[in-house]
Amino acid sequence: MEKIILTNMCLIENKETKEVVVIHRIKDWTGIAFPGGHVEKGEPIVPSVIREIKEETNLDIYNLEFCGIRDWYDPDINERNIVFMFKTSSFTGTLRTNNVEGKLEWRKIESIKDEEYASGLDKEMSIFFDKKINEFYSTKNIKTNEWNLEKF
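The shown structure was predicted, so the numbers you read here are calculated from the model rather than taken from an experiment.

Q: Help me understand the overall build of the chain, please; the structure alone is not making it clear to me.
A: Within the chain, the secondary structure is distributed over three helices and 12 strands. Rg of the C-alpha trace for the chain: 15 Å, near the compact-globule value of 15 Å for 152 residues, within the 12% margin. By principal-axis analysis of the C-alpha atoms, the chain measures approximately 50 × 35 × 30 Å. Expressed as a percentage of its 152 residues, the buried residues of the chain come to 45%. Restricting the contact set of the chain to residue pairs at least 6 apart, pairs at least 24 apart contribute 62%. For the chain, the exposed area adds up to about 8,700 Å²; of that, 52% sits on carbon and sulfur atoms. Distance from the positive charge centre (22 side chains) to the negative charge centre (28 side chains) of the chain: 1 Å.

Q: Even after reading the chapter, I still don't get the packing of aromatic side chains, so can you show me in this structure?
A: Geometrically, a pair of aromatic rings is defined through the distance of the ring centres and the angle of the planes. Under the criterion given, the structure shown has three aromatic pairs. Look at Phe66 and Phe86: their rings are 5.3 Å apart centre to centre, the planes differ by 65°, and that puts the pair in the edge-to-face class. Placement of Phe66 in strand E6 (residues 65-74) and of Phe86 in strand E7 (residues 79-88) is noted, with a sequence separation of 20 residues between them. Residue classification places Phe66 among the partly exposed positions, given a relative accessible area of 46%. For Phe86, a relative accessible area of 5% puts it in the buried group. In this structure, Arg25 is placed above the aromatic ring of Trp29, and the distance from its NZ or CZ to the ring centre is 4.4 Å.

Q: Just checking my understanding: could you explain the pairing of E6 for this structure?
A: Along a regular strand, successive side chains alternate from one face of the sheet to the other. In terms of burial, E6 is largely enclosed, as seven of its 10 residues are buried. Examined bridge by bridge, E6 and E7 share nine bridges and lie antiparallel to one another. Across the sheet, Phe66 pairs through a bridge with Phe86, a residue of E7. As consecutive antiparallel partners, E6 and E7 are separated by four residues, and within that stretch Asn78 has a phi angle of approximately 55°, a positive value.

Calculation rules
- Sequence order sets the numbering: in each chain, residues are counted from 1 along the sequence as written.
- A pLDDT threshold of at least 70 governs which residues receive local features in this predicted model, and a stricter bar of 80 or more applies before side-chain atom pairs are shown or counted, although totals over entire chains, interfaces and linings include all residues.
- Computation of side-chain values covers all heavy atoms of the structure but excludes hydrogens and water.
- The way it works is that DSSP assigns letters per residue, a run of H or I at least four long becomes a helix, a run of E at least two long becomes a strand, and they are numbered from the N terminus.
- In this description the radius of gyration comes from C-alpha coordinates, and the expected globular size is given by 2.2 Å times residues to the power 0.38.
- Exposure is judged per residue with a 1.4 Å probe applied to protein chains only, and the accessible area is read against the type maximum: over 50% gives exposed, under 20% gives buried, and values in between give partly exposed.
- Residue contacts are defined here by distance: any two heavy atoms, one from each residue, within 4.5 Å place the two residues in contact.
- Only the protein chains shown count as covering a residue, and every accessible area follows the Shrake-Rupley method with a 1.4 Å probe.
- When charges are counted, neither His nor the chain ends are considered; positive counts come from Lys and Arg and negative counts from Asp and Glu.
- Positions of charges follow a simple convention, taking NZ of Lys, CZ of Arg, CG of Asp or CD of Glu.
- Centres within 6.5 Å are what make two rings of Phe, Tyr or Trp a pair, Trp counting through its six-membered ring; a difference in plane orientation under 30 degrees is then read as stacked, over 60 as edge-to-face, and the rest as tilted.
- Criterion for a charge above a ring: Lys NZ or Arg CZ within 6 Å of the ring centre, and within 35 degrees of the ring normal.
- Paired strands, as defined in this entry, are two strands with at least two bridges between them according to DSSP.

Geometric values such as these leave the question of function open.
Written as structure tokens, this is what we have:
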């Protein structure tokens, strides 16, 4: 049986300033991403997002909108990763500027260049904004060692 890792990510938008919270990741995979993290054993998905965002950003979020999932399977290690992707513009608190994972800031989304995004997020951005896309799925071709991306 494959190993399954559950994680979450949340795009937090300030409707007044038209900015989103980004983290300049320095751990594991680098580049700009949206905050989130791992779902703990036995933890429901939505509370895991709320907890992770509080831990990473110091913001309390609510009125979450589920956008879809990003998942991939790596046959080399028999591991499947599933990211539950949410967005919200409902929050309270003051953004923490740094944590162990990187620097946090408010930024206009159109100012972020594709090459700044953490690996793959530039391709996956539409899952937050296109209601016709529910899932981005990748699997590794064992023969070529290349990743194939499909949208559903």
